[in-house]
Structures are given as C-alpha cells and as structure tokens.
Amino acid sequence: MKLDRKTLLSRILLIVICFTVFVFCYIRFNNSYDPLARYPYATDENRDIILKYMSEEDINYIIDRQIKPDQFMSFIENPEFNVKNTVFYSICKTTQNAEDDFIVNFVNRYRSNFTRDTLKDLLKHYSYDDLISFYETESIVNDKLTLVPNPEKQYVILNEKTSVYKYVPADLVSVETIYVQSTMVEDLNDMISAYNKVMETPLSFESGYLSYEDSMNLYLSYVESLQENVNKFYLNAGMNEQQLGYTITISGCSHYIQVWKDKQSEVEEPATLDDLELEKISWLEENAYRYGFVIRYPEGKEDVTNHEYNPYILRYVGKDNAKKMVKKNKALEEMNL
C-alpha cells in the first residue's frame, strides 16, 4: 500500500519528535545521575572529593565492598592511591601509624609480600624500617625466605626458608648467665636444681636468647670452622631459633661440634667427649623432658630437622608437649602444637 505524501510526512515528524524526546530525557537523566546514589556513606563533606579522585570503576569497587570513607579518605589525594589496596592502607594506619604518603608507597611496593591476614601481625612485631630492609635485602638474596608474621608464638619453627629477621622478644628474663622467655623460667630453674643435685659439676650454658647481630657473628665463626657443613649445626641470623628466646645451648656444645668435625675429617688426634660430658648428655636425654625441654635436634631425625644430632641444644615446649614428643619419638617438625 502506497502512503500519500501527507501521511508519510506525519510519520516522519512523529519519529523525529519521539527521538527528540528520547535525547532530551537521556540528557536530563545523565545530568541528574548520581554515581554515589548506592553508597550509604556519601556526605556533603566527602562527596566532591570522592567524585574528583575516583573513577566510576573505583566507586563501584567501594560500593560493592561497602568500604567506609575513613578507610581511604586520608589517602585518596595521593597520585599513587590504589582503591584495591584500601584495606591494606587502613591496616597500616591503625596498626603502626606513619605518614599517609609513606603508607601508600609501602603497600603499593611490597604488596606481594603479605596478605590481609598477615599484614597486621607483621606490623605488630616488626618496624617499617625492618620490613623494608628485609624485603629489599634478605628476601632478594634468598627468594625462598619468608618472614614469620607472628614470632611470638611459642612453637615457631625456623629453618632455611623462614626468618624472624631482627625480632626481639618482649618478655626476656635473666637466668644464670643467659636470657630466656619468662614463661620457661620456673621450669628451667627446676631443671638446673635437679641436675645439680646428682651431677658432679653444675649445669651451665653457652647461650640462651641471641640477638640478630649475635646470631650473625656466631654463624660467621662457625662458617670459618665448619665451612659447607655449617647449616647442619647452625643457621644464619634470622633463621636461628635462639632469637625466639625458647632455646638454650648447654655448655660443651662448641666442643661437641669440634668432636663431630674431627670425626668427619679423620684427624690424627681428634677431640673426644670425656665421661662427664657423656654423663651430661645421658642425663639431658633422660630427664630434660620432665621440665618441659626436648633435644631440639634429636638422634635419628636428621632427615626431618636437616640438622645433625646435637644433644646440647634444648627447646622449651612445656611439660605436656615434651612428654608426648619423647613418648612418640617425634621432632618438633613432626608435631602439630
């Protein structure tokens, strides 16, 4: 059916009117659209700043996750601000406060080294300077090395893949000539007393808690004498469990290591353990667990601990755990304490 000219023009005019109305409504709607309409935390004070510094994608991100303004407003004007790191910025601010720009740069640069769950623990136990130093040096030299988030835990296991870097325990107490964690003092004194009652010479110690610097110096001295075998007896600073404060080294340890070295080298006149030292080892093996201590690197567990048997290094785990470990013949690596 052929339309007459008048009808055709009427229809064209109607289409033009409808299109014009559509465009007008679209423009009005677009002008009145509020990207923060779904954000319940928008206020007259923060609205303009959010709209100025956040893209539509960023705004949708904080809306979807219901991130409150107090978690990001102090960082938003930083050119390096990343809305996806907002929670990390906030954790830093509340756990170990620093300049806002510093926090943004710290999180953005080292984000791959921590999670939301570990960041808070890390900031409770390490300074920003130590964290940066660790990430820029230790973890680069050894890319398999990770920082223990909470070194306060009593049963932390350190090895060539884990480190507490320069952590210093808060509750160190002096016993005899060494420092140890306060929770083990009573049991340690009881063990010393029991040992001294039956043995010819009193129980003494080479070391207890060691600082990062002391651990480093001791490691270097062992490197000189043990060379490629050093890690069988002693790990470098940060990886040494004596930095935790729960490990003690009984007097005679250095001589014991020399005996082992001479035995491996088959020297003509090797160092030996005298009867008093053999009796000391026997007593520790049979009785230390009664006071909450275990031989940290027990005989027969070399493949588990990656250390040679060393009866002079004791780790405090508490009486119940020590009894279980001795009964089951387990090393600390085989326990879930």
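Check the entry above for the structure.
Conventions used here
Residues numbered from 1 in each chain as written. Predicted model: local features only at pLDDT ≥ 70, side-chain atom pairs only at ≥ 80, totals over all residues. Heavy atoms only, no water. Pairing = 2+ DSSP bridges. Helix = DSSP H or I, 4+ residues; strand = E, 2+ residues; numbered from the N terminus. Axes fitted to C-alpha atoms, helices over the stretch in contact; angles between N-to-C directions. Contact = heavy atoms within 4.5 Å. Patch = residues over 30% accessible without salt bridge, like charges linked within 9 Å, V, L, I, M, F, W, Y side chains within 5 Å. Areas by Shrake-Rupley, 256 points an atom, 1.4 Å probe, with all protein chains shown as cover. Salt bridge = Lys/Arg side-chain N within 4 Å of Asp/Glu carboxyl O. Lys, Arg positive; Asp, Glu negative; His and termini not counted. Charge placed at Lys NZ, Arg CZ, Asp CG, Glu CD. Phe/Tyr/Trp six-rings, centres within 6.5 Å; stacked < 30°, edge-to-face > 60°. Buried < 20%, exposed > 50% of the residue type's maximum accessible area, 1.4 Å probe, protein only. Parallel < 35°, antiparallel > 145°, perpendicular 65-115°, else oblique. Left-handed = near helix turned anticlockwise from the far one by under 90°. Nonpolar A, V, L, I, M, F, W, Y, C, P; charged D, E, K, R; others polar.

> Teacher, can you tell me more about the sheet that holds strand β7 (residues 293–297) here?
Think of a sheet as strands paired side by side through backbone hydrogen bonds, with each pair either parallel or antiparallel. Read from one edge of the open sheet, 4 strands run β5-β6-β8-β7, paired in antiparallel fashion. Looking at which strands have only one partner, the edges of the open sheet turn out to be β5 (205–207) and β7. Within the sheet, the average angular offset between the axes of one strand and its neighbour, ignoring direction, is 45°. The strands touched by helix α8 (residues 185–198) within the sheet are β5, β6 (247–250), β7 and β8 (310–316), with β7 carrying the most contacts at an inclination of about 90°.

> Would you mind going over a positive patch on the surface with me for this structure?
Together, Arg65, Lys84, Arg111 and Arg116 give the surface a local cluster of positive charge. With respect to the element layout, Lys84 can be found in the loop between α3 (56–64) and α4 (86–95).

> Just to check I follow, could you spell out the packing of aromatic side chains for this structure?
When we look at a pair of aromatic rings, we describe it by the centre distance and by the angle of the planes. Tallying each qualifying case throughout the model produces 21 aromatic pairs. Between Phe134 and Tyr165, the ring centres sit 5.5 Å apart and the planes meet at 65°, which makes this aromatic pair edge-to-face. Separated by 31 residues along the polypeptide, Phe134 in helix α7 (residues 128–141) and Tyr165 in the loop between β2 (162–163) and β3 (172–175) bring together distant segments of the chain. Judged by its relative accessible area of 1%, Phe134 falls in the buried class. Where Tyr222 meets Tyr234, the ring centres are 5.4 Å apart and the plane angle is 40°; that geometry is what we call tilted. Residue Tyr222 is found in helix α9 (residues 212–226), and its partner Tyr234 is found in the loop between α9 and β6; the two are separated by 12 residues along the sequence. Per residue, the accessibility class of Tyr222 equals that of Tyr234, and both read buried. A connected cluster of aromatic rings, assembled from ring pairs, spans Phe88, Phe102, Phe106, Tyr110, Phe114, Tyr128, Phe134, Tyr135, Tyr165 and Tyr212.

> Quick question: what am I supposed to make of the packing of α4 against helix α6 (residues 116–125) here?
Angle between the axes and distance between the axes are the two parameters that describe a pair of packed helices. Where α4 contacts α6, the two axes come as close as 10 Å, and the packing angle between them is 25°. Judged by the angle between their axes, α4 and α6 are roughly parallel. When the axes of α4 and α6 are compared, the crossing they make is right-handed. Here Val87, Phe88, Ile91, Cys92 and Thr95 of α4 lie close against α6, whose contacting residues are Arg116, Leu119, Lys120, Leu123 and Lys124. For the contact of α4 with α6, the class distribution of residues is 6 nonpolar, 1 polar and 3 charged.

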